[in-house]
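Tertiary structure, described
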Amino acid sequence: ALQMGGCHRGVVVAVIDTGIDTQHPDLKDNIWKNPGEIAHNGKDDDDNGYVDDVLGWDFVNNSPAPIDEHGHGTHIAGIIGAVGDNQTGISGVCSKVSLMVLKYYDPEASGRQNLENTIQAFQYAIHNGAHIINYSGGGSESSEAEQKILLQAQRKGILVVAAAGNENQNADEHVYYPASYDLDNIISVAAIDESKDLLESSNFGTHTIDVAAPGKSIYSTLPNRQYGYMTGTSQATAFVSGVAALALSHRPTLTVQELKEVLLKSINPLQSLKGKIKTGGTINAHTVLKTLTQTPAPTRF
């Protein structure tokens, strides 16, 4: 039988978002711990340029406490990796994982400032051991610096799962970055509702958007021990990051190209997505794992 819950703490998913409630009872055991850093000693123990970055970093306030005052990042974190089998709340797609907390988004800041924070967060994820980066922001401006950092992630073998955006536009014509950069290590994700139609707000595009996942009224973790529903391509993106983490847990030796390929080949084709997105289907964890278990593999963790 196929072990669906086979997830591994060795897999590090960087959640570049609004922060995460690291004390949430359904998340705290799955929060990444920086192995080279000693908490609260005021020193940069691992020489990575950040002092006391035990759980990640807040690029908005330049602080080691990436607190989520918004809710979005905590919601995304729960979909990817809420703790399973703990008699509380929900279970994430990958119920045992390490969630690296990187806060980039400030609702008060300019788009340029948020972009600069994004690039710094990507840089942190790349240099501090992330295997997968979940990023649900974006905009219509292409940025050379952002493209450079994504190429760096590609060279390092890191998969970037990016939201298609919620403008209800054809992203082939109205680009949305970073999802629209044509790079081998990016998977861009559209959202569907419970009747398996594309979400009204979701961007689409047969060249630029790869795959779809559920994004309508998704129940997940919120700050202060809460839970609630959110809708959007961000939620869909988190499902794909979770499945990517599952795949990597089962087959740690996958290159980023192989990981992307297995995720995009093992889909559920849907009539409603035909001619709307590249694969014409939704992510399917079961098929991904079945594909991976058909051939034996060496382990890395």
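Quick notes on the rules
Residues numbered from 1 in each chain as written. Predicted model: local features only at pLDDT ≥ 70, side-chain atom pairs only at ≥ 80, totals over all residues. Heavy atoms only, no water. Helix = DSSP H or I, 4+ residues; strand = E, 2+ residues; numbered from the N terminus. Buried < 20%, exposed > 50% of the residue type's maximum accessible area, 1.4 Å probe, protein only. Contact = heavy atoms within 4.5 Å. Areas by Shrake-Rupley, 256 points an atom, 1.4 Å probe, with all protein chains shown as cover. Lys, Arg positive; Asp, Glu negative; His and termini not counted. Charge placed at Lys NZ, Arg CZ, Asp CG, Glu CD. Salt bridge = Lys/Arg side-chain N within 4 Å of Asp/Glu carboxyl O. Disulfide = S-S within 2.5 Å. Axes fitted to C-alpha atoms, helices over the stretch in contact; angles between N-to-C directions. Left-handed = near helix turned anticlockwise from the far one by under 90°. Nonpolar A, V, L, I, M, F, W, Y, C, P; charged D, E, K, R; others polar. Expected span 1.5 Å × (residues − 1). Polar contact = N/O pair within 3.5 Å; in protein donor to acceptor, adjacent residues only side chain to side chain. Core = buried A, V, L, I, M, F, W, Y, C linked by side-chain atoms within 4.5 Å.

Quick notes on the overall build of the protein
Along its length, the protein carries six helices and 11 strands. Structurally, the protein occupies a C-alpha span of about 55 × 45 × 40 Å along its principal axes. The buried share among the 301 residues of the protein stands at 55%. Intrachain contacts of the protein at a sequence separation of at least 6 include 71% that bridge at least 24 residues. Accessible surface for the protein amounts to roughly 13000 Å². Of this, 47% is attributable to carbon and sulfur atoms. Between the mean site of the 21 positive side-chain charges and the mean site of the 33 negative ones, the protein shows a separation of 8 Å.

Focus: the pattern of salt bridges
All chains considered together, the criterion is met by four salt bridges. Between Lys-278 and Asp-210 there is a salt bridge; the shortest N-O distance is 3.5 Å. Within this pair, whereas Lys-278 is found in the loop between strand E10 (267-269) and strand E11 (281-283), its partner Asp-210 is found in the loop between strand E6 (186-192) and strand E7 (211-214), the two being separated by 68 residues in sequence. Taken together, the shared-partner salt bridges connect Asp-58, Glu-69 and Lys-103 into one network.

Points about the state of the cysteines
Evaluation of the coordinates by the stated rule reveals one disulfide. Through a disulfide, Cys-7 is tied to Cys-94; the S-S separation comes to 1.6 Å. Disulfide Cys-7-Cys-94: the torsion about the S-S bond is -105°, which places it as left-handed. Separated by 87 residues along the polypeptide, Cys-7 in the segment before strand E1 (12-17) and Cys-94 in the loop between helix H1 (72-81) and strand E3 (98-103) bring together distant segments of the chain.

Overview of the environment of Val-243
With respect to the secondary-structure elements, Val-243 resides in helix H4 (residues 233-250). By relative accessible area, Val-243 is classed as buried at 4%. Separated by 42 residues in the primary sequence, Val-243 and Ala-285 place their C-alpha atoms 5.6 Å from one another. Among residues more than four places away in sequence, those in contact with Val-243 are Val-93, Leu-263, Ile-283, Ala-285 and Val-288.

Let's talk about the packing of H1 against H4
Between H1 and H4, whose axes approach to 8 Å, the crossing angle comes to 35°. In the packing of H1 onto H4, the handedness of the crossing is right-handed. Contacts between H1 and H4 involve His-72, His-75, Ile-76, Ile-79 and Ile-80 from the first element and Ser-234, Gln-235, Ala-238, Phe-239, Ser-241 and Gly-242 from the second. Residues of the contact of H1 with H4, tallied by class, amount to five nonpolar, six polar and no charged.

Some points on helix H3 (residues 144-155)
One turn of the α-helix equals 3.6 residues, which is why residues spaced by three or four share an orientation. With 12 residues, H3 extends 17 Å between its outermost C-alpha atoms, agreeing within 8% with the 16 Å of an ideal straight helix rising 1.5 Å per residue. Here the buried face of H3 lies against helix H2 (111-127), strand E5 (159-163) and E6. Taking the backbone nitrogen of Ala-145 as reference, a side-chain oxygen 3.3 Å away marks Ser-143 as the first, capping residue of H3. Two residues or fewer after H3 comes Gly-157, characterised by a positive phi angle close to 80°.

Focus on unusual backbone geometry
A cis geometry characterises the amide bond from Tyr-177 onward to Pro-178, with omega recorded as 5°. Inspection of the secondary structure assignment puts Pro-178 in the loop between E5 and E6. We note that His-40 has phi near 50°; this positive angle belongs to a residue other than glycine. Mapped onto the fold, His-40 is located in the loop between E1 and strand E2 (56-58). Since its relative accessible area comes to 76%, His-40 is described here as exposed.

Looking at the nonpolar core
Residues Leu-99 and Leu-263 are the most contacted members of the largest nonpolar core, which totals 50 residues. With nine residues, H4 is the largest single contributor of residues to this core. When neighbours within four sequence positions are excluded, Leu-263 is seen to be in contact with Leu-159, Ile-187, Val-243, Ala-244, Ile-283 and Val-288. Judged by nonpolar contacts, the second largest core, of 31 residues, contains Tyr-50, Tyr-177, Ala-179 and Tyr-181.

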